[in-house]
Amino acid sequence: MTAGTGLSRLEGREKVMGAARYAYEHPVEDALYVWPVAATVGSGTVVEVDAAAALADPAVVTVLDHTNAPRLRPAQIADQLVLQSPAVAWRGQIVAGVVATTPEAAREGAEQVVVRYAERPHHVVLDPADPALELPGELFGGQPGSFAKGDVDAGLAAADVVLDRVYTTPAQHHNPMETVATTAWWSGERLVVHDSNQGPWIAAVGFGQLWDIPPEQVEVVTEHVGGGFGAKVRPTPGAVLATMAARVTGRPCKLMLTRQHMFTMSPGRSATRSRFRLGARRDGTLTAVDHDALQYSSPIHEFVEQTGLATRTMYATDNLRIIHRLARLNLPTPRVMRAPGHTPGMFALESAMDELAYALDLDPLALRLANEPAVDPASGEPFAGRHLVDCLTVGADRFGWAARDPTPGVRRHGRWLFGTGLAASVYPAYQRVATATARAEPDGSFSVSVGAVDIGTGARTALWQLATDLLGSPVEIHIGRSSYGNAPVAGGSSGTASWGGAVRNACTALRERLAGHGGAVPADGLEVTAESTPLPPGRSRHSFGAHFCAVRVDADTGQVRVDRLLGVFAHGRPLNARTAHSQLIGGMVMGVSMALHEQTVVDPRLGMFVNHDLAQYHVATNADIHGLEAHSLERPDDDITLVGGKGIGELGIVGAAAAVANAVHHATGVRVRDLPITLERLRGG
Ligand code: MOS
């Protein structure tokens with residue numbers, strides 16, 4: 001048995017030695033380099049692209065703009081329609097691309113291109129007073145959006161205590177270590193793309209749609225990826241530009257975005273504003289939950305951060321209303337990022353629950369236990385393994401919660417104020433359709449291929465463990481190619497569950513075929529391709545968790561230090577205990593980072609993100625991280641997926657920022673409802 005054990009990553013040595021090859025490094029002959037030119041107005045139309053100065057450099061091969069770029073087929077995601085129109089929807093959008101024999105010449109050429117615009121006024125501030133589209137009950141991808149049951153107003157009227165508060169989270173950016181990177185070439189009508197993305201098959205479908213060719217005519221290779229977090233779920237404009245340059249020049253073209261490009265040519269997370277109205281009786285029973293969530297999208301595509309989605313699942317109430325509104329801003333289209341919807345939504349809900357506990361003079365833990373639902377509050381479906389109460393009580397025990405004096409702002413030693421807080425976590429357990437192929441050779445060896453991708457999670461290793469156990473001897477595992485067949489992205493914490501289901505079915509079927517041959521493999525080998533089995537409907541499937549946080553706050557400066565963050569999680573059986581633990585810890589680090597540091601600041605005059613590099617977009621560093629502990633409850637959930645476990649990737653971040661904010665309130669008596677918790681917000685300045 002190797003599954004479940006903490007095997008080190010198979011490619012770990014290759015990565016540490018610098019031998020692992022990433023998309024931009026793929027060696028090609030006669031390569032050209034592509035540099036994007038970014039719009040310098042927040043809204044308007046390109047009137048003229050003057051490339052004469054750039055083209056004067058013999059190293060510059062061509063300059064693409066909307067007048068001479070190849071035509072693409074209209075796509076579902078308008079962001080991918082690079083250079084198809086002169087319209088500028090946000091500052092930083094790609095308006096031209098310089099192709100040259102060296103990256104330096106391409107970059108210099110991009111500086112030389114002069115773009116003239118007819119500028120229009122831009123609007124970049126999320127303001128609840130502005131008109132916003134109220135969304136219907138069903139949104140993209142079949143995910144539920146707005147929702148209502150019972151009578152929220154009657155529930156609030158029947159409450160002993162009503163809490164009415166607004167919580168906000170700023171725009172945020174993924175910032176994977178490896179930026180968007182592509183090496184692309186055409187061989188006849190066949191497109192080959194070595195690309196940094198979260199799913200080679202989905203990328204092949206995307207490129208195929210844009211170029212009007214079937215996905216089988218596109219080979220996307222994604223061997224190693226230096227992080228994604230949602231930034232690389234679909235082909236990015238930069239990757240599309242590289243395929244266009246390759247088409248026009250007939251040569252392999254390479255593009256790698258700079259860190260600064262990543263803030264406008266790659267998506268981020270929408271800012272969110274959640275108004276919560278909670279009604280409760282004295283004993284803590286919720287009589288109404290009303291969540292009105294506002295987020296933004298760009299002028300060219302409707303992407304909706306699902307801020308209210310977690311509110312459907314968390315607490316029992318007869319009267320529940322969730323509204324999603326969408327404003328249009330001249331900012332890059334946001335996309336999914338690090339537990340989309342749940343991360344900002346649970347910051348708001350779990351902060352509001354903490355405030356409600358204080359308003360009722362109840363322990364925040366007791367308030368949550370008092371509202372534990374028997375079935376999913378929105379769908380009415382039974383839960384497939386809801387272990388929130390276990391996470392909360394085991395966490396409280398490990399953390400020492402029982403000894404807590406709830407009084408805020410009274411524990412002071414020297415200049416430091418001390419406090420503790422808790423918050424729950426939840427993330428849906430998805431499983432999507434995938435295909436895998438298992439092969440037996442006459443020499444007794446096995447290989448398994450699946451269009452999975454390892455974006456740093458350890459998926460390759462986990463799938464190897466699964467296949468090796470099923471086939472009874474170490475297999476060769478192949479991932480990261482679209483030609484391995486239909487496979488979902490590494491996203492929604494569903495990758496390993498989905499690919500694993502297909503690997504399980506393929507290996508099981510191969511074993512049966514082998515048995516049919518009396519265990520002997522024919523001279524040309526045996527090969528089985530199988531799909532994953534869909535999950536039966538009718539159950540509410542989620543992972544759960546609970547965070548307990550201890551902070552100290554400098555009474556003079558407002559500096560916050562997280563001394564301890566303890567998480568207890570129930571996610572079924574992990575395929576690899578070590579990488580699962582790393583995923584949970586990684587999520588918690590992102591939670592601390594979100595609570596204290598991360599924000600992309602918008603300048604309303606220039607219509608741009610001001611802090612578009614890692615010097616100014618702050619993320620938690622090692623010095624910010626202390627005392628993180630992630631504990632997993634052993635609760636197998638065989639109902640959930642064919643590999644016996646739920647997704648882990650995003651569970652660790654959800655709720656973590658609320659645990660920090662609640663602890664900061666306990667330490668100081670100051671309730672910060674707008675992330676991040678900066679010094680000035682804490683000092684009331
Ligand atoms: Mo992740 S935000 O599901 O790619």
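Structure's up top.
Below is a summary of the structure that appears in this document. From a predicted model like this one, the values you see are computed outputs, not experimental measurements.

Conventions we followed
What you see as residue numbers is a count from 1 along each chain, following the sequence as written. In view of the model being predicted, local features appear only for residues whose pLDDT reaches at least 70, and side-chain atom pairs are presented and counted only at 80 or more, with totals across whole chains, interfaces and linings using the full set of residues. Based on all heavy atoms of the structure, the side-chain values leave hydrogens and waters out of the count. In this text, buried Ala, Val, Leu, Ile, Met, Phe, Trp, Tyr and Cys residues form a nonpolar core when linked through side-chain atoms within 4.5 Å. To sort residues, take the accessible area from a 1.4 Å probe on protein chains only and compare it with the maximum for the residue type: under 20% means buried, over 50% means exposed, and anything in between is partly exposed. Secondary structure elements follow DSSP: runs of H or I no shorter than four residues count as helices, runs of E no shorter than two count as strands, and numbering proceeds from the N terminus. An expected span of 1.5 Å times one less than the residue number is assigned to each helix. Two residues qualify as a contact provided that any one of their heavy atoms is within 4.5 Å of a heavy atom in the partner residue. Axis lines are fitted to C-alpha atoms, over the contacting stretch for helices. Their N-to-C directions set the angle, which ranges from 0 to 180 degrees. Throughout, the term roughly parallel applies to angles under 35 degrees, roughly antiparallel to angles over 145, roughly perpendicular to angles from 65 to 115, and oblique to all others. Crossing handedness is defined as follows: a turn of the near helix away from the far one that is anticlockwise and smaller than a right angle gives a left-handed crossing, while the clockwise case is right-handed. Residues are grouped as follows: Ala, Val, Leu, Ile, Met, Phe, Trp, Tyr, Cys and Pro are nonpolar; Asp, Glu, Lys and Arg are charged; every other residue, Gly included, is polar. Two strands are said to pair when DSSP picks up at least two bridges between them. Take a side-chain nitrogen of Lys or Arg and a carboxyl oxygen of Asp or Glu: if they are within 4 Å of each other, that pair is a salt bridge.

### Things to note about the nonpolar core
(1) Moving on: Among the nonpolar cores identified, the biggest contains 84 residues, and L278, L356, V551, L565, V660 and I677 are the most heavily contacted of them.
(2) Moving on: With 37 residues, the next largest nonpolar core counts A459, I479, W499 and V643 among its residues.

### What to know about helix α11 (residues 495-516)
An α-helical turn contains 3.6 residues, so a residue and the one three or four places further along point in the same direction.
(1) Moving on: End to end, α11 covers 32 Å across 22 residues, agreeing with the expected 32 Å (1.5 Å per residue, within 8%).
(2) Moving on: Residues of α11 that are buried: G495, A497, S498, W499, G500, G501, A502, V503, A506, C507, L510 and L514.
(3) Moving on: Where the residues of α11 are buried, they touch β21 (435-440), β22 (446-450), α10 (459-471) and β24 (526-531).
(4) Moving on: Just downstream of α11 lies G518, where phi reads positive at about 65 degrees.

### Some remarks on the packing of helix α5 (residues 200-211) against helix α6 (residues 237-249)
(1) Moving on: Two elements in contact, α5 and α6, have axes whose closest approach is 11 Å; the angle formed by their N-to-C orientations is 50 degrees. Classed by the angle they form, the pair α5 and α6 counts as oblique. Both α5 and α6 take part in a crossing whose hand is right-handed. For the pair α5 and α6, contact is made by F207, L210 and W211 and by A239, V240, T243, M244 and R247, respectively.
(2) Moving on: The class makeup of the residues in the contact of α5 with α6 is 6 nonpolar, 1 polar and 1 charged.

### Things to note about the sheet that holds strand β23 (residues 475-478)
(1) Moving on: If you walk across this open sheet you meet the 4 strands as β23-β22-β21-β24, and the pairing is mixed. One side of each edge strand has no neighbouring strand; the edge strands of this open sheet are β23 and β24. Across the sheet, the mean angle separating the axes of adjacent strands is 15 degrees when strand polarity is ignored.
(2) Moving on: Looking at chain direction, β21 and β22 are connected through 5 bridges and run antiparallel. Looking across to β22, one finds that T437 is bridged to S449.
(3) Moving on: Each of β22 and β23 is contacted by α10, which is oriented at about 145 degrees to β23, the strand it contacts most.
(4) Moving on: Of the strands in this sheet, β21, β22 and β24 are in contact with α11, which crosses β24 at around 145 degrees.

### Some remarks on the pattern of salt bridges
Note that side chains of opposite charge can pair when their charged atoms are close.
(1) Moving on: The tally for this structure, following the rule as stated, stands at 30 salt bridges.
(2) Moving on: One salt bridge connects E48 with R116, and the closest N-O pair in it is separated by 2.4 Å. Of this pair, E48 sits in strand β2 (residues 44-50) while R116 sits in strand β6 (residues 114-119), and the two are 68 residues apart along the sequence.
(3) Moving on: Assessed through its relative accessible area of 34%, E48 is described here as partly exposed.
(4) Moving on: On the basis of relative accessibility, which here comes to 40%, the residue R116 falls in the partly exposed class.
(5) Moving on: The partner of D554 in a salt bridge is R415, with the nearest N and O atoms 2.7 Å apart. Taken together, the residues span a long stretch of sequence, with D554 in strand β25 (residues 542-554) and R415 in the loop between β19 (412-413) and β20 (416-428) at a distance of 139 residues.
(6) Moving on: Salt bridges sharing partners connect three or more residues here, namely E11, K15, E223 and R460.

### Section: the sheet that holds strand β11 (residues 181-187)
(1) Moving on: Strand order in the open sheet formed by 7 strands is β3-β5-β1-β14-β11-β12-β13, with mixed pairing between adjacent strands. The open sheet terminates on both sides in strands that have one partner only, identified here as β3 (60-64) and β13 (218-221). Neighbour to neighbour, the strand axes of the sheet diverge by 20 degrees on average, direction disregarded.
(2) Moving on: Taken together, the 4 bridges between strand β12 (residues 190-195) and β13 define a ladder with parallel strand orientation. If you follow V192 over to β13, its bridge partner there is E219.
(3) Moving on: Relative to strand β1 (residues 32-38), helix α3 (residues 103-112) is tilted by about 25 degrees, and along the sheet it contacts β1, β3 and β5 (94-100).
(4) Moving on: Along the sheet, α6 makes contact with β1, β3, β5, β11, β12 and β14 (253-256), crossing β11 at roughly 30 degrees.

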